[in-house]
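Topology and contacts: notes
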Amino acid sequence: MNLFLDALAWLFDPAQWSGSGSIPQRIGEHVWISLVVLLIASAIALPVGAIIGHSGRGREVAIRVSGGLRALPTLGVLTLFGLWIGIGLSAPILALVILAIPPLLAGAYAGFESVDRHTIDAARAVGMRESQIVGKVELPLGMPILVGGIRSATLQIIATATLAAFIADAGLGRFIFEGLKIRDYGEMLGGSILVIILALVVDGCFAVTQRLVVPAGVRAARSPELRSAPARPRAVVGHAINEGNQ
Amino acid sequence: MNWLWSNLDQVGELILVHLALSVPAIILSFVFSVPIGWVAHRSRWAHSVLLSLVALLYAVPSLALFIALPAVTGLTLRSPVNLVIALTLYGMAVMVRTAADAFDAVERDVLQSATAMGYSTTGRFWVVELPLAGPVLLSGLRVVAVSTVSLATVGAVIGVQSLGSLFTDGFQRGIEVEIIAGIVATIALALGLDWVLVHVGRLLMPWSRPEVKNVRGEPTPVVKRVDVA
C-alpha cells in the first residue's frame, strides 16, 4: 500500500500540476495525439470498410489484413518509425495510424455486413437508391458495431500513445519513462493511474454512445429474453425474396 | 544485415525467452477463462457482472498494467512473473467473453436431449457442452495466442527480456536491422503458435468448422465477431 501512497503523493504534488511537463499538459498531449490519429485512421479505414461491407468484395483480404496485423508488435513499429523519421511527433503519429487501421476496418465492414440482407433487398424494392441504402439503412443499422470498432481502436490508440513516449517527448507515458529512468516508482505508478483513468473514462463514453446509436426501431423489436433465438424461420416474405435472390 | 548474422544465436535465445513468457500466459488464460465463461453463460446476473469486468480489464493500457501490477502483487517490476500475470489477465479479457459466447452458441435442444438421456450437469459439461463449444473456444484461443505474443514485447521497455528487447536495443543503438529482425521473429512466432493451435484443434475436434448464429439465424464465421470485440 506504501507504493500507492507514493503515487498519490506524486499525483497531488502541486509541482506536478503547473509548468512545462505538468500533468494537465501531458493529458492534453495524450488526448490531442489520440484524436489526431483517430481522425486520420478513420478517414482512411472507415470508407474502405464501408465499401467492403456494402459490396462484400475484398472481404477475405480485409479479414486477413486486420487479423494478420494483430501479430504486428506495436513497440517494433514505433521504434522502427522512430529510427526512420527521427525525434518528433510525426513518427509516433504515423505508427499509431497504421496500428489503428485494422480495428477500424474490421468495425466498419462488420457493421455494414451485419445488416440483414432481406432488409437491404426490401429497401431496394421500395425504390431506394444505392446511396440511400448505404446512408439510411446500412449505416444506422450497422452503427452499434461500427462504434464498437471505433471504441476498440481508440482504446488501442490511447494504450499505444503511452508507449509512444518511448520515442517522443509527449503524452502521459513520459511520466512512466521518466520515473523508470530516475527510479521513482511513485511517478511511474501515478502516470499509469492517469493513463488507466483516461482509458476507462473514454471507454465509458463509448459504451454510452454505443447504446444511444441503436436505432429506435431495432430497440423496440428486441425481445426481452436475451438468449432466446427464434427456433422457426420468421417471416414468410423473407423466404420469397430470398429465393428470388439466389 | 551484418548485425543479424553475428547475433543469430541471441535472436534464437530471445525467441525461447519469449516463448517462456507467452506460452504460460496463453495456457493460464484459457484454463481460467473456460470456467468463468461457463458461469457467465449459466446465469444472466453473472453474465453482466463478469463481462463488464472483463471489458474494463480490456480497456486498461498494457504498459500501465505492467507497472501498476507490482504494487498489488508485491513482485518486482522486472520480474517475468509480473509480465506473465499481466499477459494472462489480457488473455482472459478476450477469452472469457469468447467462452461465454461459445457456451451460449451450443443448441439448447442438444443440452435438453443430453439431460433427458440422463447426463448430470457435470457429465453433460465434459461430454456435450465442452466439445460442442470447442471450435469457438479455439478461435478465441488463437486470437489470444497471437495478441499475447505481440503484447509480450512491450515488457522490454520496463526491462523484461523478450523479443521486444531487440526493439529497445535497436532503437537506442540505431540498428534498423535489429528492429526488423525483432518484428519478423515476433510475427513468425505468433503465426507458428497459431499453426500449432489449428493443428491441435483438428486433432482434438475432427468435425465442423466454428460457426455461431447471427441475428439472421445464418451462420457467421466466428473470427469476424472476435475482430470487433
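Note on numbering: residues in each chain are counted from 1, in written sequence order. To label them, take the chains in the order written and letter them from A, then take the ligands in the order written and number them from 1. Under the rules for a predicted model, residues below a pLDDT of 70 receive no local features and side-chain atom pairs below 80 are neither given nor counted, while totals for whole chains, interfaces and linings still include all residues. In computing side-chain properties, one takes all heavy atoms of the structure into account and sets aside hydrogens as well as water.

You'll find chain B entered in an unreviewed UniProt entry as ABC transporter permease subunit, with Agromyces albus given as the organism. Entered under Sequence similarities (unreviewed entry) in the UniProt record, the comment concerning chain B runs "Belongs to the binding-protein-dependent transport system permease family." UniProt positions are given in the numbering used here, feature names are shortened, and annotations may be inferred rather than shown by experiment.

The name an unreviewed UniProt entry gives chain A is ABC transporter permease, with Agromyces albus as the organism. On record in UniProt, under Sequence similarities (unreviewed entry), the comment for chain A is "Belongs to the binding-protein-dependent transport system permease family."

Describing the packing of aromatic side chains
Aromatic ring pairs are reported here in terms of the distance separating the ring centres and the angle at which the planes meet. By convention, a stacked pair of Phe, Tyr or Trp rings (six-membered ring in the case of Trp) has centres within 6.5 Å and planes under 30 degrees apart, an edge-to-face pair has planes over 60 apart, and any other such pair is tilted. If you walk through the whole model with that rule in mind, you get six aromatic pairs over all chains. Plain terms: the ring middles of Phe166 of chain A and Phe171 of chain B are 5.6 Å apart, the flat faces sit at 45° to each other, and that makes the pair tilted. Of this pair, Phe166 of chain A sits in the loop between helix 7 (130-164) and helix 8 (173-181) while Phe171 of chain B sits in helix 8 (residues 164-173), on two different chains. With respect to burial, Phe166 of chain A and Phe171 of chain B carry one shared label: buried. Measuring from ring centre to ring centre gives 5.2 Å for Phe125 of chain B and Trp126 of chain B, while their planes differ by 80°; the resulting arrangement is edge-to-face. Secondary structure follows DSSP: runs of H or I at least 4 residues long count as helices, runs of E at least 2 residues long count as strands, and numbering of each begins at the N terminus. Only protein chains enter the area calculation, which uses a 1.4 Å probe; residues under 20% of their type maximum are buried, those over 50% are exposed, and those in between are partly exposed.

Structural notes on the pattern of salt bridges
Any carboxyl oxygen of Asp or Glu that lies within 4 Å of a side-chain nitrogen of Lys or Arg is treated as forming a salt bridge with it. In this structure the tally under the stated criterion is nine salt bridges over all chains. Of the charged contacts in the structure, one is a salt bridge between Arg151 of chain A and Asp203 of chain A, with a shortest N-O distance of 2.6 Å. You can see Arg151 of chain A sitting in helix 7 and its partner Asp203 of chain A sitting in helix 9 (residues 185-212), a full 52 residues away along the chain. For the pair Arg151 of chain A and Asp203 of chain A, a shared accessibility class is recorded, and that class is buried. When the shortest N-O distance is used, the salt bridge between Glu129 of chain B and Arg124 of chain B registers 3.8 Å. For the pair formed by Glu129 of chain B and Arg124 of chain B, the shared burial category is buried. Within this structure, Arg26, Glu29, Asp169 and Arg174 of chain A form a network of salt bridges that share partners.

Comments concerning the UniProt feature "transmembrane region" (unreviewed entry) in chain B
All names here are of chain B. The feature "transmembrane region" (unreviewed entry), as annotated in UniProt, sits at residues 15-38, 50-69, 81-100, 143-167 and 179-200 in this numbering. Strand forms 0% of residues 143-167 and helix 56%; the C-alpha atoms that close the span are 23 Å apart. Helix makes up 100% of residues 179-200 and strand makes up 0%, while its end C-alpha atoms are separated by 32 Å.

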